[in-house]
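# Notes for the structure review
Each chain is listed here by its residues.
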Amino acid sequence: MRPNSSIDHQPYQICREGKVKMVTNALPPNGGSGTFSYSKNSYFQKLSSSVEERKIEEEIQKKLDVQKLACGSNKIIRVADLGCATGPNTFTNAKKVLEAIKHKYQNQCPNTETTLEFHVLFNDLPSNDFNTLFTSLPHDRNYFTSGVPGSFYNRLFPQSSIHFAYSTYALHFLSKSPEVVQEMNSPAWNKGRIHYTSASKEVVDAYAAQFAKDAAKFLDARALELVPGGMLVIVMPGVPNGMSYSDIVNGLLFDSMGSILMDLSKEGLFDESQVDSFNFPFYAPSPEEMTKVIEMNGEFNIERMELTNPAPWLKSMNQVIPEWIIHVRAVMEAIFTRQFGNEVTHEMFQRLTKELSEKSELVETKHRDKIQILVVLKRKE
Ligand SMILES: C[S@@+](CC[C@H](N)C(=O)[O-])C[C@H]1O[C@@H](n2cnc3c(N)ncnc32)[C@H](O)[C@@H]1O
């Protein structure tokens, strides 16, 4: 069970004008190893990230000067996973990254007798289930570990201490949903919806602005923490430049969740205003937006940025709708539960599976190519 922190789980905030606002800070996925846990339901993220493995290895081989990094650090290489959750994907990612770095070192220094030592720093929000993470650490690992609780939108590590940082399927979680979409008198008020999918331009713009602000903070922190020449790799949901989120399969998911919640409120389970004040803090950027925020930061060179199909193996979504929804539940349940309670959240996920299974033809028509973005950056020297 996740500990109940009064700060992390506090959904409302009284602002200066005395208005009550919903604050939707992200919450970690389901802990433990039960039916809806992330540890049991994260293989889609694993498969999606694995599409990028070869490209990341290639970038390490071509661009990471491991010999130089090792020389400046007494042969200790520090690797950070930002938004690691409970495992097991974080362990697979660490293994692959370390293998690629070792391989590069062997290529650069074929006659060396010294071996590298690795320190892997697992970061996530303080309320993440770090117990499950630590108790499932692979026994045969060849690296030292530490857990680093905190938001990756802030500083996490000492200055110039990290050689390689990566983040898979985490940076689409905004630090909070934009405030204007919750304000009744704002043109960006997102009434009756829980996301920017199919919403007005004002709502989409407000989410985009929140992403730009958060990503800027993320990069500012990483620019200080990475050593010159260090590498930062991001894998996350993305969109082709100019594509509307309602064209994408995840957009259909958010629209369906929103309309099911509206139905449940009409059935008297809760007040409709609870939907109006809830906006899921999820944003998928385009390469154009990513480039802009990286260039604004100015401390990184863009080594590679591309969109990919995260599931080239998947012939038809119909085969996987119930599994897909359980994966979504493992990641998002805590955030819905905080706003709507256990019963409503459970009912929403039940209806979601049924509704999307019935709409499987529509699910099939939604865009799925190029909805994962890979970004490889190098800290300027
Ligand atoms: C979908 S999980 C991905 C976990 C893992 N990287 C993977 O690929 O399976 C996203 C993780 O990001 C974490 N996260 C979200 N916002 C965060 C933040 N601001 N700081 C640190 N971690 C965050 C969540 O708690 C969650 O564990």
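In this report, the structure presented in the accompanying data block is examined. (Residues numbered from 1 in each chain as written. Predicted model: local features only at pLDDT ≥ 70, side-chain atom pairs only at ≥ 80, totals over all residues.)

Attention shifts here to helix H2 (residues 53-63). Those residues of H2 that sit buried are Ile56, Glu59 and Ile60. One face of H2 carries all of its buried residues, which in axial projection span an arc of 100 degrees. Within H2, the exposed residues directed more than 90 degrees away from the buried face are Arg54 and Lys62. In this structure, the buried residues of H2 make contact with helix H4 (89-108), strand S7 (226-237), strand S8 (300-308) and strand S9 (372-379). (Buried ≥ 20, exposed ≤ 12 C-beta atoms within 10 Å, placed from the backbone. Helix = DSSP H or I, 4+ residues; strand = E, 2+ residues; numbered from the N terminus. Arc of directions from axis to C-beta. Contact = placed C-beta atoms within 7 Å.)

In terms of residue burial, S9 counts as a mostly covered element, since eight of its eight residues are buried. The two faces of S9 match: Gln372, Leu374, Val376 and Lys378 on one face and Ile373, Val375, Leu377 and Arg379 on the other face are all buried. Both S8 and S9 contribute to a ladder of eight bridges, which runs antiparallel. Bridging from a neighbouring strand, asparagine 301 pairs with lysine 378 of S9. (Pairing = 2+ DSSP bridges.)

What follows concerns unusual backbone geometry. That bond from glycine 87 to proline 88 is cis: its omega, 0 degrees, falls within 30 degrees of zero. Mapped onto the secondary structure, proline 88 falls in the loop between strand S3 (76-82) and H4. For lysine 75, which is not glycine, the phi torsion reads 65 degrees and is therefore positive. Take lysine 75: it is sitting in the loop between helix H3 (66-71) and S3. Look at tyrosine 169: it is not a glycine, yet its phi comes out positive at around 50 degrees. As for its placement among the helices and strands, tyrosine 169 is situated in the loop between strand S6 (162-168) and helix H6 (201-225). Look at tyrosine 169 and you get buried, because 22 C-beta atoms sit within 10 Å.

Right, let's get into helix H1 (residues 43-50). Residues lying three or four places apart along an α-helix face the same way, a consequence of the helix completing one turn every 3.6 residues. Burial in H1 covers these residues: Phe44, Gln45, Ser48 and Ser49. The arc that holds every buried residue of H1, seen down its axis, measures 130 degrees, which confines them to one face. Elements in contact with the buried residues of H1: H4, S6, S7, helix H10 (321-358) and S9.

The interhelical angle for the contact between H1 and H4, taken along N-to-C directions, is 20 degrees, at an axis separation of 10 Å. As judged from the angle between their axes, H1 and H4 are roughly parallel. Crossing geometry of H1 relative to H4 is assigned as right-handed. Between H1, through Gln45, Lys46 and Ser49, and H4, the contact on the second element is made entirely by Asn89, Thr92 and Asn93. (Axes fitted to C-alpha atoms, helices over the stretch in contact; angles between N-to-C directions. Parallel < 35°, antiparallel > 145°, perpendicular 65-115°, else oblique. Left-handed = near helix turned anticlockwise from the far one by under 90°.)

Right, let's talk about the pairing of S7 for a bit. Pairing of S6 with S7, which is carried by six bridges, proceeds in the parallel orientation. Across the sheet, tyrosine 166 pairs through a bridge with valine 233, a residue of S7. For the crossover from S6 across H6 to S7, the handedness is right-handed. One ladder, built from seven bridges, connects S7 with S9; its direction is antiparallel. Residue pairing in the sheet places methionine 236 in a bridge with isoleucine 373 of S9. (Right-handed = clockwise from strand over helix to strand, strands pointing away.)

Ordered by their spatial adjacency, seven strands build an open sheet running S5-S4-S3-S6-S7-S9-S8, and the pairing between neighbours is mixed. The sheet is open, and its two borders are formed by strand S5 (144-149) and S8, each paired with just one other strand. Going across the sheet, the axis of each strand differs from the next one's by a mean of 15 degrees, ignoring polarity. Strand contacts of H4: S3, strand S4 (117-124) and S6, with the helix running at about 145 degrees to S3, the strand carrying the most contacts. Packed onto the sheet, H6 meets S6, S7, S8 and S9 and runs at close to 145 degrees relative to S7.

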